[in-house]
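This is what each chain is made of:
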Amino acid sequence: MVELVFDGSYEGFLTCIFEMYIQKINDCTVVEQDHHQSKIFGEAIIVSTNEQHAERIINGIKDKTSKKVLAFIYSVFLQESTQIHNDLVYFIKMIFDGKAYKISDFGDSRILRLHKAKKMMGREVHRMHAFVRFQQLKDDLYVAIVNPDFNVLPLIGKHFKDRYPTMEWLIYDTKRSYGIFHSEGKIDVVNFEEHIDLYQEKIRHENLSSDELSYQKMWQAYFQSVNIKERNNTKLHERHVPRRYWTYLVEKWN
Amino acid sequence: MRLMGKLSVVQKLEILSDAAKYDVSCASSGSKRKNTKNGLGNSSGMGICHSYTQDGRCVSLLKILLTNFCIFDCAYCVTRKSNDIRRTAFTVDEVVDLTINFYKRNYIEGLFLSSGIFKSADYTMERLVRVAKKLRKEHDFNGYIHLKAIPGASDELLYEAGLYADRLSVNIEMPSEKSLKLVAPEKSFKDAMEPMEYLKGAIQESKIERQKFRHAPKVSPGGQSTQLVIGASPENDKHILELSDQLYVEKKLKRVYYSGYVPISDDPRLPIVDKTPVLRENRLYQADWLMRFYKFDVNDIVNDEFPDLDIDIDPKAAHALRNPHLFPVDINKAEYHSILKIPGVGVKSAKKIIAARKFRKLNIEHLKKIGVIWKRAQFFIECGDSKYTVLNASSAIKRQFMLPAAKSTTISSTQLSLFQ
C-alpha cells in the first residue's frame, strides 16, 4: 500500500487528496510526516503542499455539499490523528462519488468514528470557551495559557473576538508552541521566540497589571464561598473539571 | 444583628456570595444577545459553565446578593432577620466593577443578582435595576444578566428589569401555600404568582411586538425561572411535579429548579433533616427533563397509584417497567416519540437511529456504537438480533438488572439462567 506523507497542515492533507485523483492512486493511506515511519515494504510518496490544489479540493467539496460539511471536515481534521485523517479520506471520496448524504449513515463504523471525533472536538472547544483564564498584563494585554488535547485554537478565535472586540488578547498553546493574538478585530497566529515570559507555564508576577492579583484573589474567594460543604462531591467535580485543566484555572491556584 | 466596621470588597464578596449560593439556578442559556461594536460580551444562547464547585455544581454567573439585610424572617433562608450573621451591602459600583473585571478575564458569563429585602420591595428592586442599567448603558455590557424579580415591586420596575435582564426569576421556595405559611408567615403563593403573571404578559407582548417591529425592545428574552425547596415540607413528588407542569404550561416558565433542603437552620418551624435529599432532587430533575424534552405527560411519571418517584431507578426506566404493553419497541420501524421513551436512549441517539436506519437494518452492535446504553435498553428494544428471553423477562427481573451494581446483588442464579 502507498503512503502519502504530508506536512501536517490542512492544505497538505487536501493536496494528498488531489494527488490521489490526479495520479489515480486508489489504495493508499495518508500520514503526517511527524508520525511517518519508513517501512521496508510499501512505498511512501512525500507530498509537497500546494495551496491551489488544496483550494480546488475545498471548492469541490463545497459544490457537492455545504459550508457546514466543510466545517465538519476541518474540525475533525484538527484532531491530529492518523486514523481519523484516513477516515476523512474515505468520506471525502464518498463526497466526490456523489454520496455525500452518507454522512448520516451512523451504521457505518468509519462515518460514526468521524462523528465521534467531531463530538470530541466540540467538547474540547467548549472547554476552552469555559476554562480559558485571561490575566491582565501591565500593557493591558490579556493573556491566557492553554495546552488543549487537540489543536483547537483555529476553532476558538471567533468566540473570543465576538466577546472581547475592544481588548487586545493572546491565547497561547504551550503544547503546540503557537498562539492567537487579537487586536482591533484582527486575529493573527503568533510564535514567540523573544517574549519568553509569555509562554512559561505561569506568567511572572512582575509582568502583571497592578490590579490583576487582587481580582484573582477575589475570584478565588468567590469560588470558595459558593461551595456548599454539606454537598461536597469530588467525583462529580472532577468529571466536570478534569485535573489536566486545573493548571489553567485561577480558582485552583491556591 | 452583627454590624461590622467597614468591610473590604473581598469580605463583602465572601459574605454575599455565601448567602446567594442556596439559589441553585445558574443557567446562562436561553438568551441570544449579540455584542455591539465596542461593547463587552455576548450570550450565545448555549450557556457556558466556567467552573464547577467542589459539590459539582456549575459556576456560570457571578451569583451574589446586593445585600443580606432583610426585613423578612423566612425559616428556610440564611438571610432571615432573626439569624445572627454578619450583614453588609455592596454599592452599585462595586457590583458593576466586579462583573466587568471577572467577565474580561473569562471567569463568568455574567451576573446573577439577588437581594435581601431592605426597606421595601420597590426600594430593593430599584437598586437591582440600577446595577443592570449601569452595566448595559454605561459599560456596553452584553453578557448575561439574571435578576430577581422582587414580589411586591411595581409593574414599571419589573418591566424595566426585563429590558436589561436576560432572565428574571421569582422563587416560590415552598411547594404549597400551607408549607409556605408555616415557614414564612409574611409570604403567600400569590406574592410569587403575581409578578410571574405580569412578566409572562410582558414577555409575550414583546415577542409579538418584535415580530412586527424588528427593533422593539426585548423583555427578559431568556424567560423566567423559579425554585422549589425539596424535603423541607411534606409534599410528595406528584404534588411537586404537577406544580412544575402547571408553571411550565400556565406561566410559560423556562426552568423550574429543585433545591434539596440543606439544613441551614435549627428553626423549630422546619423539620429535622440530617442529610440533604440529593438523590430525590436528582430524580426530580430527571422527571422534569422527561416532561420538557421527552414529551412525557406528568401523569405518566407520577400519579395517584405512584405518587413518589422510585429512588432506586430513574423515572424513565420506572415508566417502562410499569407499562410493559408499550414495549418492546421495534427500532427499525417505530416512530421517533416511541423511541424516545425507551430507557437508555437519549434525544441524540433517537435522532441518529432515525437517520441511520434508512441505510440498513440496525442490530445490537449498531445501537451500542450509536450510544444507546444497552444495559438498560436491551429489555425494551426489538431489532434484528434482540433476544426473546430478555424481552420477555418479568418486570421484576428487569428491574433487578437495571439497579445500580451495589443494589442488584440479590439476583439469584436461577434468575440469571433466564438469560442464557
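If you're wondering where the values come from, they're calculated on a predicted model, not measured in any experiment.

Observations regarding the overall build of chain B
Thought 1: A count of helices and strands for chain B gives 17 helices and 14 strands.
Thought 2: Here the C-alpha radius of gyration of chain B, 24 Å, is about what a compact globule of 420 residues would show, namely 22 Å.
Thought 3: By its C-alpha atoms, chain B is 75 × 55 × 35 Å across when sized along the principal axes.
Thought 4: When burial is assessed residue by residue, chain B has 56% of its 420 residues classed as buried.
Thought 5: Residue pairs in contact within chain B that sit at least 24 positions apart in sequence constitute 66% of those at least 6 positions apart.
Thought 6: Per element, the accessible surface of chain B, about 18400 Å² overall, is 54% carbon and sulfur.
Thought 7: Positive and negative side-chain charges of chain B, numbering 65 and 49 respectively, have mean locations separated by a distance of 7 Å.

Some points on the sheet that holds strand 1 (residues 2-6) of chain A
Strand pairing in a sheet takes place through backbone hydrogen bonds and is either antiparallel or parallel in direction.
Residues and elements named next belong to chain A.
Thought 1: Here 3 strands make up an open sheet; going across it, the order is 2-1-3 and the pairing parallel. Whereas interior strands pair on both sides, the edge strands pair on one side only; in this sheet they are strand 2 (28-32) and strand 3 (43-46). On average, adjacent strands in this sheet sit at an angle of 30° to one another, irrespective of strand direction.
Thought 2: Where helix 4 (residues 82-96) meets the sheet, its contacts fall on strand 1 and strand 2, and the angle it forms with strand 2 comes to roughly 135°.

With respect to the sheet that holds strand 8 (residues 110-114) of chain B
Residues and elements named next belong to chain B.
Thought 1: Ordered in space as 6-8-9-10-11-12, the 6 strands form an open sheet in which the pairing is parallel. The sheet is open, and its two borders are formed by strand 6 (61-65) and strand 12 (255-260), each paired with just one other strand. Each neighbouring strand pair of the sheet contributes to a mean axis angle of 20°, computed without reference to strand direction.
Thought 2: Looking at chain direction, strand 6 and strand 8 are connected through 5 bridges and run parallel. Along strand 8, the bridge assignment pairs isoleucine 64 with leucine 113.

A few points about helix 7 (residues 237-250) of chain B
Residues and elements named next belong to chain B.
Thought 1: Counted at 1.5 Å a residue, the expected span for helix 7 with its 14 residues is 20 Å, and the 19 Å between its end C-alpha atoms agrees.
Thought 2: Within the sequence span of helix 7, burial applies to Asp237, Lys238, Ile240, Leu241, Leu243, Ser244, Leu247 and Tyr248.
Thought 3: On the buried face of helix 7, the contacting elements are helix 6 (189-212), strand 11 (224-230), strand 12, helix 8 (278-293) and helix 9 (298-301).
Thought 4: Capping of helix 7 at its N-terminal end is provided by asparagine 236; its side-chain oxygen lies 3.3 Å from the backbone amide nitrogen of lysine 238.
Thought 5: Remark: lysine 252 follows helix 7 within two positions and exhibits a positive phi of approximately 55°.

Side note on the confidence of the model for chain B
Thought 1: On average, chain B scores 89 in pLDDT, and the residues at 70 or more come to 95%.
Thought 2: Scored below 50 in pLDDT, residues 409-420 of chain B shows 13 contacts in the model against residues more than four places distant or in partner chains.

What to know about the state of the cysteines
A covalent bond bridging the sulfur atoms of two cysteines is what the word disulfide describes.
Thought 1: Evaluated as defined, the whole model comprises 1 disulfide over all chains.
Thought 2: Residue pairing for cysteine 49 of chain B: its cysteine sulfur links by disulfide to cysteine 58 of chain B, the two sulfurs lying 2.2 Å apart. Classification of the bridge connecting cysteine 49 of chain B and cysteine 58 of chain B rests on its S-S torsion, roughly -105°, and on that basis the disulfide is left-handed.
Thought 3: What makes cysteine 49 of chain B partly exposed here is its relative accessible area of 22%.
Thought 4: Given a relative accessible area of 24%, cysteine 58 of chain B falls into the partly exposed group.
Thought 5: Residue cysteine 16 of chain A stays outside any disulfide, its sulfur separated by 8.2 Å from that of cysteine 28 of chain A, the closest cysteine.
Thought 6: Take cysteine 70 of chain B: it sits in no disulfide, and the sulfur closest to it among the cysteines is that of cysteine 77 of chain B, at 6.4 Å.
Thought 7: Residue class for cysteine 70 of chain B comes out buried when judged on its relative accessible area of 18%.

Notes on empty space enclosed by the protein
Residue and element names in this part refer to chain A.
Thought 1: Overall, the coordinates contain 2 cavities of 30 Å³ or more when judged by the stated rule.
Thought 2: There is about 100 Å³ of room inside the largest cavity.
Thought 3: What lines the largest cavity is a set of 12 residues, and nearest its centre among them are Arg133, Gln135, Ile145, Tyr248 and Trp253.
Thought 4: With 3 residues, the single largest contributor to the lining of the largest cavity is strand 5 (residues 141-146).
Thought 5: Taken together, the residues that form the lining of the largest cavity break down as 7 nonpolar, 2 polar and 3 charged.

Here we look at the interface of chain B and chain A
Thought 1: In this assembly, 57 residues from chain B lie in contact with 52 residues from chain A.
Thought 2: A combined buried area of about 4800 Å² lies between chain B and chain A, and 58% of that area is made up of carbon and sulfur atoms.
Thought 3: If you sort the residues of chain B by the area they bury against chain A, Gln54, Arg105 and Tyr107 of chain B come out on top, with a joint share of 16%.
Thought 4: For the pair chain B and chain A, the interface holds 4 salt bridges.
Thought 5: A salt bridge links arginine 163 of chain A to glutamate 109 of chain B, with the shortest nitrogen-to-oxygen separation between them at 2.6 Å.

Describing helix 2 (residues 92-104) of chain B
Residues and elements named next belong to chain B.
Thought 1: Relative to the 18 Å expected for 13 residues at 1.5 Å per residue, helix 2 spans 19 Å between its end C-alpha atoms, a close match to the ideal helical length.
Thought 2: Counting buried positions along helix 2 gives 10 out of 13 residues, so the element sits mostly inside the fold.
Thought 3: Positive backbone phi, approximately 65°, marks asparagine 106, located one or two places after helix 2.

Points about the packing of aromatic side chains
Thought 1: Inspection of every chain in the model, using the stated rule, returns 28 aromatic pairs over all chains.
Thought 2: Taking the centre distance of 5.9 Å and the plane angle of 55° together, the rings of phenylalanine 6 of chain A and phenylalanine 13 of chain A count as tilted. The same class applies to phenylalanine 6 of chain A as to phenylalanine 13 of chain A, namely buried.
Thought 3: Between the aromatic rings of tyrosine 103 of chain B and phenylalanine 141 of chain B, the centroid separation amounts to 5.0 Å while the plane-to-plane angle is 85°, which identifies the pairing as edge-to-face. In this pair, tyrosine 103 of chain B is assigned in helix 2 and phenylalanine 141 of chain B in the loop between helix 3 (121-138) and strand 9 (144-148), connecting sequence segments 38 residues apart. In this pair, the class of tyrosine 103 of chain B matches that of phenylalanine 141 of chain B, namely buried.
Thought 4: In textbook terms, an aromatic cluster arises when at least three aromatic residues are bridged by ring pairs, as seen for Phe134, Phe160, Tyr164 and Trp169 of chain A together with Tyr103 and Phe141 of chain B.

Quick notes on the rules
- Residues numbered from 1 in each chain as written.
- Chains lettered and ligands numbered in written order.
- Predicted model: local features only at pLDDT ≥ 70, side-chain atom pairs only at ≥ 80, totals over all residues.
- Heavy atoms only, no water.
- Helix = DSSP H or I, 4+ residues; strand = E, 2+ residues; numbered from the N terminus.
- Rg over C-alpha atoms; globule rule 2.2 N^0.38 Å.
- Buried < 20%, exposed > 50% of the residue type's maximum accessible area, 1.4 Å probe, protein only.
- Contact = heavy atoms within 4.5 Å.
- Areas by Shrake-Rupley, 256 points an atom, 1.4 Å probe, with all protein chains shown as cover.
- Lys, Arg positive; Asp, Glu negative; His and termini not counted.
- Charge placed at Lys NZ, Arg CZ, Asp CG, Glu CD.
- Pairing = 2+ DSSP bridges.
- Axes fitted to C-alpha atoms, helices over the stretch in contact; angles between N-to-C directions.
- Expected span 1.5 Å × (residues − 1).
- Polar contact = N/O pair within 3.5 Å; in protein donor to acceptor, adjacent residues only side chain to side chain.
- pLDDT = per-residue confidence, 0-100.
- Disulfide = S-S within 2.5 Å.
- 1 Å grid on protein atoms, 1.4 Å probe; cavity = no way out; pocket = protein on both sides within 12 Å on 5 of 7 lines; lining within 4 Å.
- Points joined across faces, edges and corners; volume = space filled by probe spheres on them.
- Nonpolar A, V, L, I, M, F, W, Y, C, P; charged D, E, K, R; others polar.
- Buried area = accessible area lost by both parts, 1.4 Å probe.
- Salt bridge = Lys/Arg side-chain N within 4 Å of Asp/Glu carboxyl O.
- Phe/Tyr/Trp six-rings, centres within 6.5 Å; stacked < 30°, edge-to-face > 60°.

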